[in-house]
Amino acid sequence: MVMGEALVTGAGQGIGRAIAHRLASDGYSVTVVDRDETTAKVVANDVDGRATVCDLSDSSAIEELVTSVRKLDVLVNNAGIFPPSPLKDLTAERFRHVMDVNAIAPLLLTQRLLPLLSDTNGSVVNVASMASKVAMPGAGAYSPSKAALVSLTKLCAVEFSHSGVRFNAVAPGGVLTEGTAQYTADPDRESRFNAVLPLGRRGSPEDIADVVSFFASPDSRYITGQVLYVDGGLSEATIPFLRAAQDGG
Ligand SMILES: NC(=O)c1ccc[n+]([C@@H]2O[C@H](COP(=O)([O-])OP(=O)(O)OC[C@H]3O[C@@H](n4cnc5c(N)ncnc54)[C@H](O)[C@@H]3O)[C@@H](O)[C@H]2O)c1
């Protein structure tokens, strides 16, 4: 069954790629958006979709992207960057760059694609992060940018309520992707982490994609303005992590 048209940003790898695969298997025709042309084309080919190269930190590139879209049922704002940066060294320029990709690009895409989404009573799914709720030291503008994205999700749900479009966010915890591989390479650290995590394992991109699929589908027809933490319980496990730290891991 053809479900309609979906556009997924940052779909060349990691969580975005899994979302593209899941929405394609749900029956959507998927536009794979990424700044990396090679990976975007591979994924588009795999899902029988379309690749569009766009650097989402560039508002004129976003303008070009939206003019190429004719019909849209599902917009997934997944692309995000998390460059490490101690707060004391964070420049306004680097702060703005993270905000551009993680929060401003989702806003611009939503604004410009809203008429098309409204025509189909569509759904916008923003990929936020557990870091929107808990401070992530060393990640610079990342937590503020994801908090902004969560706030934007709620604001859109209310301010664009008459559009017929639903707006929700999925907030992953720790997910193994190409982007996080460098932080998860040590097996001893990983097993200590998993031992304290309520669901006992780091997330997979598919764990996130399945929930995005739910928010895209009519099964979530009465949900808007919500954030679902898909984090294996990580964001609620302060006490077990504290105890592990006190006991020396
Ligand atoms: N992996 C995790 O543990 C985790 C946890 C919480 C939230 N998230 C969020 O999930 C999303 C995906 O994370 P991931 O781990 O799959 O990341 P990743 O780094 O593996 O993949 C991100 C993709 O986005 C693309 N991208 C980055 N900047 C772009 C830009 N300016 N324009 C266009 N494309 C761009 C990259 O080319 C890449 O294909 C991000 O928003 C991230 O913040 C991830």
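See above for the structure.
Residues numbered from 1 in each chain as written. Predicted model: local features only at pLDDT ≥ 70, side-chain atom pairs only at ≥ 80, totals over all residues. Heavy atoms only, no water.

Colleague: Tell me about the overall build of the protein, residues and numbers included.
Modeller: On a plain count of helices and strands, the protein comes out with eight helices and seven strands. In summary, the protein has a C-alpha radius of gyration of 18 Å against a globular reference of 18 Å for 249 residues, a match within 12%. When its C-alpha atoms are laid out on the principal axes, the protein stretches across 55 × 40 × 40 Å. For the protein, the proportion of its 249 residues judged to be buried stands at 48%. Counted over contacts in the protein with a minimum sequence separation of 6, partners at least 24 positions apart contribute 70%. A total accessible area of about 12,400 Å² is found for the protein, and carbon and sulfur atoms account for 54% of it. Here the protein carries 21 positive and 28 negative side-chain charges, and the mean point of each set is 4 Å from the other. (Helix = DSSP H or I, 4+ residues; strand = E, 2+ residues; numbered from the N terminus. Rg over C-alpha atoms; globule rule 2.2 N^0.38 Å. Buried < 20%, exposed > 50% of the residue type's maximum accessible area, 1.4 Å probe, protein only. Contact = heavy atoms within 4.5 Å. Areas by Shrake-Rupley, 256 points an atom, 1.4 Å probe, with all protein chains shown as cover. Lys, Arg positive; Asp, Glu negative; His and termini not counted. Charge placed at Lys NZ, Arg CZ, Asp CG, Glu CD.)

Colleague: Explain the site of the ligand residue by residue, including any values.
Modeller: Close to the ligand lie 30 residues; Asp-34, Asn-78, Tyr-142, Val-175 and Thr-177 are nearest. At 2.8 Å, a side-chain N or O of Lys-146 approaches an oxygen atom of the ligand. In the complex, the protein chains occlude 94% of the 830 Å² of accessible area that the ligand would expose alone. Sorting the residues of the shell around the ligand by element identifies helix 1 (14-26) and helix 5 (142-159) as the ones contributing at least two each. (Near = heavy atom within 4 Å. Polar contact = N/O pair within 3.5 Å; in protein donor to acceptor, adjacent residues only side chain to side chain.)

Colleague: Tell me about the pattern of salt bridges, and name the residues and values.
Modeller: For the structure shown, the criterion picks out 10 salt bridges. Measuring nitrogen to oxygen at the nearest pair gives 2.9 Å for the salt bridge that ties Lys-41 to Glu-37. In this pair, Lys-41 and Glu-37 both sit in helix 2 (residues 37-46), four residues apart, roughly one turn of the helix. Across the pair Glu-190 and Arg-202 runs a salt bridge whose closest N-O atoms are separated by 2.7 Å. On the criterion of sequence distance, the pair formed by Glu-190 in helix 6 (residues 187-196) and Arg-202 in the loop between helix 6 and helix 7 (205-216) is long-range, its members being 12 residues apart. The exposure classification of Glu-190 matches that of Arg-202, with both residues buried. Each of the salt bridges in this network shares a partner with another, and the network as a whole consists of Arg-22, Asp-26 and Asp-210. (Salt bridge = Lys/Arg side-chain N within 4 Å of Asp/Glu carboxyl O.)

Colleague: Break down the environment of Ser-151 for me, citing the residues and quoting the values.
Modeller: Here Ser-151 shows up in helix 5. The class of Ser-151 is partly exposed, set by a relative accessible area of 42%. Through-space distance from the C-alpha of Ser-151 to that of Val-227 is 9.7 Å; in sequence the pair is 76 residues apart.

Colleague: Tell me about the pairing of strand 1 (residues 4-9), and name the residues and values.
Modeller: Remark: a regular strand shows side chains that alternate across the two faces of the sheet. Across the six residues of strand 1, five count as buried, placing the element largely inside the fold. As paired elements, strand 1 and strand 2 (residues 28-34) share six bridges and run parallel to each other. Its bridge partner lying in strand 2, Glu-5 is registered against Ser-29. You can see the chain leave strand 1, run along helix 1 and come back into strand 2, and the turn it takes is right-handed. Here strand 1 pairs with strand 4 (residues 74-77) via three bridges, running parallel. Residue Leu-7 lies in a different strand from strand 4, and its bridge partner there is Leu-75. (Pairing = 2+ DSSP bridges. Right-handed = clockwise from strand over helix to strand, strands pointing away.)

From the geometry alone we can't say anything about function, so treat these as descriptive.
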